[in-house]
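What follows is the residue order along each chain.
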Amino acid sequence: MTGRATEADVTLSAECTVAKLGPEYADLHKECRQTKDVPLIHGGGILLVHRCQCRCHRGK
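None of these values were measured; they are calculated from a predicted model.

Undergrad: Can you walk me through the overall build of the protein in this structure?
TA: Tallying secondary structure elements over the protein gives 1 helix and 2 strands in all. Taking all 60 residues of the protein together, 17% fall into the buried category. Across the protein, the fraction of contacts at a sequence separation of at least 24, relative to all contacts at a separation of at least 6, is 37%. Of the roughly 4900 Å² of accessible surface on the protein, a fraction of 55% belongs to carbon and sulfur atoms.

Undergrad: What exactly am I supposed to notice about the pattern of salt bridges here?
TA: One side chain can pair with another of opposite charge once the charged atoms of both are near each other. Applying the stated criterion across every chain, the model contains 1 salt bridge. Across the pair K30 and D27 runs a salt bridge whose closest N-O atoms are separated by 3.9 Å. The class of D27 is exposed, set by a relative accessible area of 56%.

Undergrad: I'm lost on the environment of T11 in this one. Help?
TA: Tracing the sequence through the fold places T11 in the segment before α1 (14-19). Separated by 40 residues in the primary sequence, T11 and R51 have C-alpha atoms spaced 7.3 Å apart. Residue contacts for T11: discarding those within four places in its chain leaves H50, R51, C52, Q53 and C54.

Conventions we followed
- Residues numbered from 1 in each chain as written.
- Predicted model: local features only at pLDDT ≥ 70, side-chain atom pairs only at ≥ 80, totals over all residues.
- Heavy atoms only, no water.
- Helix = DSSP H or I, 4+ residues; strand = E, 2+ residues; numbered from the N terminus.
- Buried < 20%, exposed > 50% of the residue type's maximum accessible area, 1.4 Å probe, protein only.
- Contact = heavy atoms within 4.5 Å.
- Areas by Shrake-Rupley, 256 points an atom, 1.4 Å probe, with all protein chains shown as cover.
- Salt bridge = Lys/Arg side-chain N within 4 Å of Asp/Glu carboxyl O.

That is the geometry; function is a separate question.
Structure representation (structure tokens):
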């Protein structure tokens, strides 16, 4: 295993998942607000929400 995420391992928001369905939904990428990980308070690193790792805003 190389440690690199495959396409199946990538966490996407609901908006970006639907946007992948076709060009008519491409504008939904702009609606994605899942740009940061949200940790569970006192959870020892457990995340409530993973940030979206879509290519359109992976670097944010």
